[in-house]
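Overview (structure and organization)
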Amino acid sequence: MTARAARTLSLLLLALPLAGCAVQGVQSSLQAAADQSRAIDQVWTLMLWVCSAIYVAVIAALAWAIWRRRRAVQREGRTRDPLLARALAAWVVLVVGLLSWFVAASFLADRRLHAGHADLEIRVTAKQWWWQVEYLSPQPDQQFSTANELRLPRDQTARIELLSGDVIHSFWVPALSGKEDLIPGYSNAVLLTPRRAGRYRGQCAEFCGLQHAQMALDVEVLDAAGFAAWRARQLAPAPAPSDAHALRGAQLFLGSACASCHAVRGTSAASRLGPDLTHLASRRALAAGALPMRREALRAWLADPQHAKPGNQMPQVPLDPRDRELLLDYLMGLR
Amino acid sequence: MCSRCLASALLTVLLAGAGGCERERREYHSTPAGTDARPALTSFRPGGAPLDAAPSALGRHYQDNAFHIGQGGRLFRSYNCNGCHGAGGGAIGPALMDAQWRYGGSIEQIHASIVDGRPNGMPAWRGKLTDEQAWQLAAYVSALAGNVSKAAAPSRRDALSATPPLTQLPAQPTQPGDASAQQPPPQ
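Residues numbered from 1 in each chain as written. Chains lettered and ligands numbered in written order. Predicted model: local features only at pLDDT ≥ 70, side-chain atom pairs only at ≥ 80, totals over all residues.

1. Considering the overall build of chain A
- Assigned secondary structure in chain A consists of nine helices and 12 strands.
- Out of the 335 residues belonging to chain A, those deemed buried represent 29%.
- Of all intrachain contacts in chain A linking residues separated by at least 6 positions in sequence, the fraction that spans at least 24 positions is 65%. (Helix = DSSP H or I, 4+ residues; strand = E, 2+ residues; numbered from the N terminus. Buried ≥ 20, exposed ≤ 12 C-beta atoms within 10 Å, placed from the backbone. Contact = placed C-beta atoms within 7 Å.)

Here it is, written out as structure tokens:
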């Protein structure tokens, strides 16, 4: 009975790490959705199968050696087996050949990661603990800034310039590409050519402080028309407050500490310390994936930002609960 | 006798450890202010009683904490205090790292100067900053003038150096020549 329980437990423990892989490929490098991640995936698959085959061969050789030793005891007098010497030489040739193949495959995959012409320029700046995402353009009126969300057009290559505002972070969208560090005072870049529309999750992959774990990037790959429509919406200034409550909320926003850090395009709030809030309510998450984008969550966040994400840089701004509701009316209207 | 020595030594070590806790303590929730918003700026006062120059408990709380001083430095750069005070050296605004204080150099007086503003240029930050941020800034400005505990002030800058260390700089030609033909130094 206890042996069975132990076996069940060990099976469960074995299954546990695999459970994470099954979540629809939102954050899986095994379900590659871009050219770059496919290049990495091919090297990975090649190594997996070759190394599995080698492992099986080694285990088989070991089993054969054990079996053969028992027989060899009976045939005393022979110290050297010519077959074994030849097999060892062949083994060395095989291993050197396979390693060369791995090196070549890895080198070619690396070339593929950096090949391609950029159709779109995006600058991602990692800060403690959120992502500032700027869509660049030669025309200044076609540039805009957003936070914690990255939208990419399918079948186009985006060049993502990677900067850091404070410490070293790492940009990792497993379904689209490998990791690339964001280093203060240094500019890195990755190319992303997504081939499958869908939602993916990016995550900071270099420990960057208290809230490193809650530093997610919401990535969505859209078709060309969908991306153009999203871009046009993002380029527009923030919608004007639609009713008296929201109007009062806007006045509160501009008159309080909110506007000292946040920008809302189309108003006098233009600070770039915190995330751009121009189209806040159109995002899917708050605080870099820490909370869902819902009115209750935003209310809790405004009431005490340090509760949901302790240590983040947003201070607790003292607000009367009634004023907070007015501010929520305004913020939830920023679509 | 010796056991008493040992006990007192142990107590000293424990107290030193407790001091370290205070230095490193991070408070994520803003502490309520509840302080005198109008600290005296001069020693002129009716009756000529001497001014109590010791910082309040709240002032000490911010001055003795490395996290608050560090956050103050971050805010000092973020809100462009450098624009007028030039990294503490002063330019348009007065220097903050010397012994000259127009409106007082205690942490309470600095806090009041930040929150209320001062004539001829210093804007009032009341309502634009939370009170905790104003205290953190005041703690950093105190640190600029060397008026915080050495145990709490950081010995290392947060910002990157603009140039490589001098030992790492490549030798450059000293002959006069065409400036446009010269290569910029490598990064």
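Now that the structure has been shown, we can carry on.
2. A short note on the overall build of chain B
- Within chain B, the secondary structure is distributed over six helices and zero strands.
- Its helices and strands in sequence order give chain B the pattern α-α-α-α-α-α, from N to C terminus.
- Taking all 187 residues of chain B together, 25% fall into the buried category.
- When contacts within chain B are restricted to residue pairs at least 6 apart in sequence, those whose partners lie at least 24 apart make up 69%.

3. Quick notes on unusual backbone geometry
Residue and element names in this part refer to chain A.
- Each neighbour pair has its own omega, and for glutamine 128 with tryptophan 129 the value is -5°, a cis peptide bond.
- Looking at the secondary structure, you find tryptophan 129 in the loop between strand E1 (120-127) and strand E2 (130-136).
- Within the chain, aspartate 155 stands out as a residue other than glycine whose phi angle is a positive 65°.
- The class for aspartate 155 is partly exposed, based on 15 C-beta atoms found within 10 Å.
- The backbone of alanine 287 sits at a positive phi, close to 55°, despite the residue not being glycine.
- Residue class for alanine 287 comes out buried when judged on the 24 C-beta atoms lying within 10 Å of it.

4. A closer look at the sheet that holds strand E9 (residues 198-203) of chain A
All names here are of chain A.
- On the basis of which strands lie adjacent, the open sheet formed by three strands has the order E4-E10-E9 and mixed pairing. The open sheet terminates on both sides in strands that have one partner only, identified here as strand E4 (149-153) and E9. Averaged over all pairs of adjacent strands, the angle between their axes in this sheet comes to 25°, without regard to strand direction.
- Two strands pair when backbone bridges link them, and E9 and strand E10 (residues 216-222) are joined in this way by six bridges, in the antiparallel orientation. (Pairing = 2+ DSSP bridges. Axes fitted to C-alpha atoms, helices over the stretch in contact; angles between N-to-C directions.)

5. Description of the sheet that holds strand E3 (residues 144-147) of chain A
All names here are of chain A.
- Strand order in the open sheet formed by five strands is E3-E2-E1-E5-E8, with mixed pairing between adjacent strands. At either margin of the open sheet sits one strand with a lone partner, and together these are E3 and strand E8 (188-192). This sheet shows a mean twist of 25° between the axes of neighbouring strands, independent of strand direction.
- With seven bridges connecting them, E1 and E2 associate as antiparallel partners. Residue pairing across strands places isoleucine 122 opposite tyrosine 135, the latter belonging to E2.

6. Let's talk about the confidence of the model for chain B
- Predicted confidence across chain B gives a mean pLDDT of 78, with 72% of residues reaching 70 or more.
- Interface predicted TM-score (ipTM) for the complex: 0.76; the corresponding pTM is 0.80. (pLDDT = per-residue confidence, 0-100.)

7. Some points on the interface of chain B and chain A
- Across the boundary between the two partners, chain B contributes 12 residues, which contact 13 residues of chain A.
- For the side of chain B that touches chain A, a count of residues per class yields three nonpolar, six polar and three charged. (Nonpolar A, V, L, I, M, F, W, Y, C, P; charged D, E, K, R; others polar.)

8. Focus: the packing of helix H5 (residues 244-255) of chain A against helix H9 (residues 321-332) of chain A
Residue and element names in this part refer to chain A.
- For the pair H5 and H9, the least separation of the axes is 7 Å and the interaxial angle reads 100°. As the angle between them shows, H5 and H9 are arranged roughly perpendicular. Judged by residue contacts, His245, Ala246, Arg248, Gly249, Ala250, Leu252 and Phe253 of H5 engage Asp323, Leu326, Leu327, Asp329 and Tyr330 from H9.
- Taken together, the residues of the contact of H5 with H9 break down into seven nonpolar, two polar and three charged. (Parallel < 35°, antiparallel > 145°, perpendicular 65-115°, else oblique.)

9. Remarks on the domain arrangement of chain A
Residue and element names in this part refer to chain A.
- You can read the domains of chain A as domain 1 (120-235) and domain 2 (244-332).
- Between domain 1 and domain 2, the C-alpha centre-to-centre distance is 22 Å.
- Facing the 18 residues of domain 1 at the interface are 14 residues of domain 2.
- Mapped by element, the contributors of at least two residues to the side of domain 1 that touches domain 2 are E2, E3, E10 and helix H4 (224-235).
- Looking at the side of domain 1 that touches domain 2 residue by residue, the classes come out as seven nonpolar, eight polar and three charged. (Domains from an automatic or database assignment.)

10. Overview of the nonpolar core
- The biggest cluster of nonpolar side chains holds 82 residues, and the ones touching the most others in it are Ala138(B) and Ala139(B).
- A total of nine residues in this core trace back to one element, the largest contributor, which is helix H6 (residues 131-144) of chain B.
- Here this core gathers at least three residues from each of two domains, domain 1 (120-235) and domain 2 (244-332) of chain A. (Core = buried A, V, L, I, M, F, W, Y, C linked by C-beta atoms within 7 Å.)

11. Some remarks on the packing of helix H7 (residues 295-303) of chain A against H9(A)
Residues and elements named next belong to chain A.
- Between H7 and H9, whose axes approach to 10 Å, the crossing angle comes to 125°. On the basis of their axis angle, the class for H7 and H9 is oblique. Pair H7 / H9 crosses with right-handed handedness. Counted together, Arg295, Leu298, Arg299, Leu302 and Ala303 of H7 and Arg324, Leu327, Leu328, Leu331 and Met332 of H9 form the full contact between these two elements.
- Of the residues that constitute the contact of H7 with H9, the class distribution is seven nonpolar, no polar and three charged. (Left-handed = near helix turned anticlockwise from the far one by under 90°.)

12. Digging into the pairing of E2(A)
Residues and elements named next belong to chain A.
- Between E1 and the antiparallel strand that follows it, E2, lie two residues.
- By the bridge criterion, four bridges tie E2 to E3 in an arrangement that is antiparallel. Opposite tyrosine 135, over in E3, you have phenylalanine 144 as the bridge partner.

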